[in-house]
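Structural overview for review
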Amino acid sequence: MSMPPTDLTAKRTLRDIAIARSGDKGNRATLSVIALVAADYPVLERLLTEERVRAHFAGVVQGPVQRYTLPHLGAVHFVMFDALDGGVTRSLALDAHGKTLGSALLDLPL
Amino acid sequence: MTPYRIGSGAGYAGDRIDPAVDLAERGELDALVFECLAERTIALAQLRRATNPAAGYDLMLKARMRAVLPACVRNGVTIITNMGAANPMAAGQVVLDVARELGIQRLRVAVVTGDDVLPWAQVHNAPLIDSSDSVRSLDGRLIWANDYLGADALLPALRAEANVVITGRVADPSLFLAPLMLHFGWAADDWPRLGQGLLVGHLLECAAQVSGGYLADPGHVDMPDLHRVGFPLAEVSADGSAVITKLPGTGGRVDRLSCIAQLLYEVEDPTNYLQADVVGDFSQVRFSQLAPDRVHVHGASGHARPEQLKVTLGYRDGFMGEGQISYAGPGARARGELALSILRHRLQDAKLSHGLTGLEHRAELIGVNAMHGPQLGADREPYEVRLRLAVRCSTCAQAEAVGQEVEALYLNGPAGGGGVTQSVREVIAAASTLVPRSSVRPRCDILELHTGH
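Residues numbered from 1 in each chain as written. Chains lettered and ligands numbered in written order. Predicted model: local features only at pLDDT ≥ 70, side-chain atom pairs only at ≥ 80, totals over all residues.

Overview of the packing of helix 3 (residues 61-75) of chain B against helix 4 (residues 88-101) of chain B
Residues and elements named next belong to chain B.
- Running from N to C, helix 3 and helix 4 point in directions that differ by 45 degrees, and their axes come no closer than 10 Å. With respect to helix 4, the axis of helix 3 lies oblique. Helix 3 and helix 4 meet at a crossing whose hand is right-handed. Between helix 3 and helix 4, the residues in contact are Leu 61, Lys 62, Met 65, Arg 66 and Leu 69 and Ala 91, Val 94, Val 95, Val 98 and Ala 99, respectively.
- Classifying every residue of the contact of helix 3 with helix 4 by side-chain character gives eight nonpolar, no polar and two charged. (Axes fitted to C-alpha atoms, helices over the stretch in contact; angles between N-to-C directions. Helix = DSSP H or I, 4+ residues; strand = E, 2+ residues; numbered from the N terminus. Parallel < 35°, antiparallel > 145°, perpendicular 65-115°, else oblique. Left-handed = near helix turned anticlockwise from the far one by under 90°. Contact = placed C-beta atoms within 7 Å. Nonpolar A, V, L, I, M, F, W, Y, C, P; charged D, E, K, R; others polar.)

Quick word on the interface of chain A and chain B
- The partner chain B presents 41 residues to the 31 residues of chain A that form the contact.
- At the level of secondary structure, the elements contributing two or more residues to the side of chain A that touches chain B comprise strand 1 (18-25), strand 2 (28-35), strand 3 (65-70) and strand 4 (75-80) of chain A.
- Residue contributions to the side of chain A that touches chain B peak at five residues, all from strand 1 of chain A.
- Its residues assigned to classes, the side of chain A that touches chain B shows 14 nonpolar, eleven polar and six charged.

Focus on the environment of Ala 85 of chain B
All names here are of chain B.
- Inspection of the secondary structure puts Ala 85 in the loop between strand 3 (78-81) and helix 4.
- Given 31 C-beta atoms within 10 Å, Ala 85 falls into the buried group.
- On a C-alpha basis, the gap between Ala 85 and Leu 203 in space is 22 Å, while along the polypeptide they are 118 residues apart.
- Not counting residues within four places of it along the chain, the set of residues in contact with Ala 85 comprises Leu 37, Thr 41, Ile 42, Ala 45, Gly 56, Tyr 57, Asp 58 and Gly 168. (Buried ≥ 20, exposed ≤ 12 C-beta atoms within 10 Å, placed from the backbone.)

Focus on the sheet that holds strand 13 (residues 301-303) of chain B
All names here are of chain B.
- In space, the three strands of this open sheet follow the order 9-10-13, with antiparallel pairing throughout. Here the strands that pair on one side only, and so sit at the sheet edges, are strand 9 (273-274) and strand 13.
- Pairing of strand 10 (residues 279-281) with strand 13 involves three bridges; the strand directions are antiparallel. When the sheet's bridge partners are listed, Asp 281 is paired in strand 13 with Ser 301.
- Sheet strands touched by helix 8 (residues 191-204): strand 10 and strand 13. Its angle to strand 13, the strand with the most contacts, is close to 120 degrees. (Pairing = 2+ DSSP bridges.)

With respect to the nonpolar core
- Ranked by internal contacts, the top residues of the largest apolar core, which has 146 residues, are Val 33 of chain A together with Leu 32, Val 165, Ile 244, Cys 259 and Ile 260 of chain B.
- No other element matches helix 8 of chain B, which puts seven residues into this core.
- Contact partners of Cys 259 of chain B, with chain neighbours within four places excluded, come to Leu 203, Val 210, Ile 244, Val 254, Phe 287, Val 295 and Val 297 of chain B.
- Counting 27 residues, the second-largest nonpolar core is a separate cluster that includes Phe 319, Ala 339, Leu 365 and Met 371 of chain B. (Core = buried A, V, L, I, M, F, W, Y, C linked by C-beta atoms within 7 Å.)

A short note on the domain arrangement of chain B
- In terms of domain boundaries, chain B breaks down into domain 1 (4-114 + 149-306) and domain 2 (314-428).
- Each of domain 1 of chain B and domain 2 of chain B has a C-alpha centre, and the two are 39 Å apart. (Domains from an automatic or database assignment.)

Laid out in structure tokens, this is it:
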């Protein structure tokens, strides 16, 4: 159950230690990042600041980014405002729900 | 008290049917819930009803009922679904018709209505959520208004021991919470318990998203047999804690990752998850793996439900025209970019653009920058690209011109374009407001099938 933290020397990007899932809520996107091994949570907390996530999605997310931390679950959770071109029913985007945003974040270098 | 067994038979309108049949047959379930109604689905259903008063229910209702009714009736599994969409009463009749066709002799269908609040929306001027406008700003364009009913609206249907409970707009997790409240006798103001029941509904409402779907990333997160992924079920105890599991022999996996990913899915503040029946607090939820594909969940709580119910308003918002064309092989990207530049020149020139000049649009290359723009887009040379032009238009004729512009790239654009597609759709946009509970009157009608001797 309680696995030790990952040795990060062999790991390159966030994708090596976490999964991500995004979804829509009106014109806001939600994005959760969950450590594959819960003990790696401190890496997520350190790496995934609101500023870093907002910068990663510059040009996509127009509004602020709010972070919620869930250390007991090994997860950080983001709400990204003004991120979906007005929301799923009127967006011109191919991925109107913002479902693909989560994968984009996994490219962040550790 | 033995656990209450509740399964998830669909996580969206087009979801697979076979996993639900498997649950109905082998799940030893008390209830099987089909959540099939999203903002876009109800908008399309409302449009169908507007052109045909007998239509407007879920397009897959007949197929799903044909597939699951025999096993559900045989095994005493209550079906709960929002497949009534924009026309629950017509949907109830369809269920009876299907039952007759199948030779089922007795069936009780409960139809829950009261979610249609268009008359209220037409005379009140409530402020819109996330907007500085109010409902009146949609005058002349408003075509439907549905509030999210809560579990309380379903209780009379369940008390009547209906075999099938069919609704329109109901808060998704409430479809699951209602039978739990009735079975365990949870009070409507037992907020911590309702919060835990809400969590069970939230974990199940997207079906396979908690049992291995939407999680695989080959080499990083491997997932067995997604071609026959099992839909989830929960074994719920009287205190609201539950075991999330799936049927033996099915694909996918229920584990810590699959459950946490679904716990947070489309939730904003985890301490404050606003729903019709209770404001959920998921911040202290704990999962523990009891065995393969068996995860125990507890620790959710809740606060008093909101005084008002959320209403989604659908309004006409013009048209969207779209065209696509592909380029492949060496230089595909350069040719795609040339094609984009040709389109941009034409859109900018009022003499050439067929009325499309100055309209909001997206012009992009699928395979390069269509998902996340130039910053995150690929800088490698792709083998193939697909140009996509989408334009927001006020008329259908304008929207048709968009695809024609892309199609004309065949003879007038770069070398080797192929596979043009064109589409036009009327945009029914959604806005939200709040309605006082006192203005909402849920109603339950019972339809009976009773044949034979």
